[in-house]
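Tertiary structure, described
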Amino acid sequence: MASRNQRTIRKETSAEGVGFLTGADVSLRFLPAPENHGVVFQRVDLNGQPCVPAAHDFLVPRQRRTGISGNGATIELVEHVMSALAGLQVDNCLIEINAPETPGFDGSCKAVVDALLIADFEEQSATKPQLRVPKPLHVTAEDGSMIDARPFGREGQTITYLLDYGPNSPIPAQSYTVNVTPETFVNEICFARTFILDSEIASLKALGYGPRTTAKDLLVFTADGVLDNELKAADECARHKILDCIGDFALTGCDVQGYFNAWRTGHQTNHELMRQLQDASAAEDLETQVA
Ligand SMILES: [Zn+2]
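Let me begin by describing the structure that accompanies this report. (Residues numbered from 1 in each chain as written. Predicted model: local features only at pLDDT ≥ 70, side-chain atom pairs only at ≥ 80, totals over all residues. Heavy atoms only, no water.)

1. Focus: the coordination of the zinc ion
- Distances from the zinc ion to its protein donors, His80 (NE2), His240 (NE2), Asp244 (OD) and Asp244 (OD), fall within 2.1 to 2.6 Å.
- The coordination sphere of the zinc ion comprises four donor atoms, whose angles at the metal cover 54 to 149°; the geometry is irregular. (Donors = N, O, S within 2.8 Å, 3.2 Å for Na, K, Ca; no water. Tetrahedral: all angles 85-135°; square planar, octahedral: opposite > 155°, others 65-115°.)

As structure tokens, this is what we get:
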């Protein structure tokens, strides 16, 4: 991922689906946007149609998902849409949305990727900012999961994800490594679906989540394997976790460059690592200026 120009989509495109949390019918309309606009969601179902930039400053604390809030509006589960945009290097885009969450689709971001590929891309004149890992960084969560970042001897973003929930988990231990480019994203990552244990479903349903979501809409793991579905790859879960990392890293608004090694981590750890990275990068810039 060498320094490159920003991109937007050539024409508007759309995607529709059902929200995993609320069961709402959700429409996304992707519109071209000028350089340095970034990715912005607009809640067209609310009075005044408020906008929320998909950026770190608008993150809200959430369990097992990424949500943004601002200007009186909230959008839940932005990570898969953000991953599709970042994976295809679409930097500037206005996304009209008519619900408080993005569509769940099949648990992956392939539907968004397909819509964006139809729209095609337009290169802009401004350069995409880069965020390079200047020194080794490490985040450990309370549950022992961890992610670290290391400087990379060459251009690009490489992510290794090791998923290991122990010998008694219905989800087998697996790992995946990818050097993220639009090509590898489309061919290796974008189709990987989110997953859940069947033992976790009852508590989520009790909270009112997933009224229209079935085992066909994502991967549900039971002691006997995947329920009512088939894996697209033996390491689909690890690939999905990389999909999540790419979407979470994109909230920096930069091409994040470095080598990332994750072990069982989720969204909160990803965001904390990006905060550390932004701080470390700013400190290094300051040192360079002083020197
Ligand atoms: Zn996900």
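2. Re the packing of helix H3 (residues 182-189) against helix H5 (residues 236-249)
- The interhelical angle for the contact between H3 and H5, taken along N-to-C directions, is 140°, at an axis separation of 11 Å. Crossing handedness for the pair H3 and H5: left-handed. Of the residues in H5, those in contact with Phe185, Glu188 and Ile189 of H3 are Arg239, Ile242, Leu243 and Ile246.
- Looking at the contact of H3 with H5 residue by residue, the classes come out as five nonpolar, no polar and two charged. (Axes fitted to C-alpha atoms, helices over the stretch in contact; angles between N-to-C directions. Helix = DSSP H or I, 4+ residues; strand = E, 2+ residues; numbered from the N terminus. Left-handed = near helix turned anticlockwise from the far one by under 90°. Contact = heavy atoms within 4.5 Å. Nonpolar A, V, L, I, M, F, W, Y, C, P; charged D, E, K, R; others polar.)

3. Regarding the packing of H5 against helix H6 (residues 267-290)
- Where H5 meets H6, the axes come as close as 9 Å, and the angle between the chain directions of the two elements is 40°. Considering the angle they form, H5 stands oblique to H6. Two packed elements cross with a definite hand, and for H5 against H6 that hand is right-handed. Touching Asp244, Cys245, Asp248 and Phe249 of H5 are His267, Asn270, His271 and Met274, all from H6.
- Taken together, the residues that form the contact of H5 with H6 break down as three nonpolar, three polar and two charged. (Parallel < 35°, antiparallel > 145°, perpendicular 65-115°, else oblique.)

4. As for the pattern of salt bridges
- Using the criterion set out here, one finds 18 salt bridges in the structure.
- Between glutamate 76 and arginine 65 there is a salt bridge whose closest N-O contact spans 3.0 Å. Of the two residues, glutamate 76 sits in the loop between strand S8 (73-75) and helix H1 (79-87) while arginine 65 sits in the loop between strand S6 (59-60) and strand S7 (67-70), which places them 11 residues apart along the sequence.
- By relative accessible area, arginine 65 is classed as buried at 13%.
- Of the charged contacts in the structure, one is a salt bridge between lysine 110 and aspartate 114, with a shortest N-O distance of 2.9 Å. Note that lysine 110 and aspartate 114 are positioned in helix H2 (residues 110-119) at a spacing of four residues, about one turn of the helix.
- For lysine 110, a relative accessible area of 34% corresponds to the partly exposed category.
- Members of the salt-bridge network, linked through shared partners, are Arg4, Asp91, Lys128 and Asp255. (Salt bridge = Lys/Arg side-chain N within 4 Å of Asp/Glu carboxyl O. Buried < 20%, exposed > 50% of the residue type's maximum accessible area, 1.4 Å probe, protein only.)

5. Digging into the environment of leucine 243
- If you trace the backbone, leucine 243 turns up in helix H5.
- Look at leucine 243 and you get buried, because its relative accessible area is 0%.
- Taking the C-alpha atoms as reference, leucine 243 lies 13 Å from leucine 162; in sequence the two are 81 residues apart.
- Apart from residues lying up to four places away in sequence, leucine 243 is in contact with His80, Ser83, Cys109, Ile189, Cys190 and Ala192.

6. A look at unusual backbone geometry
- In this structure, glutamine 89 takes a positive phi of about 60° despite not being glycine.
- One can find glutamine 89 in the loop between H1 and strand S9 (93-97).
- For glutamine 89, a relative accessible area of 15% gives the class buried.

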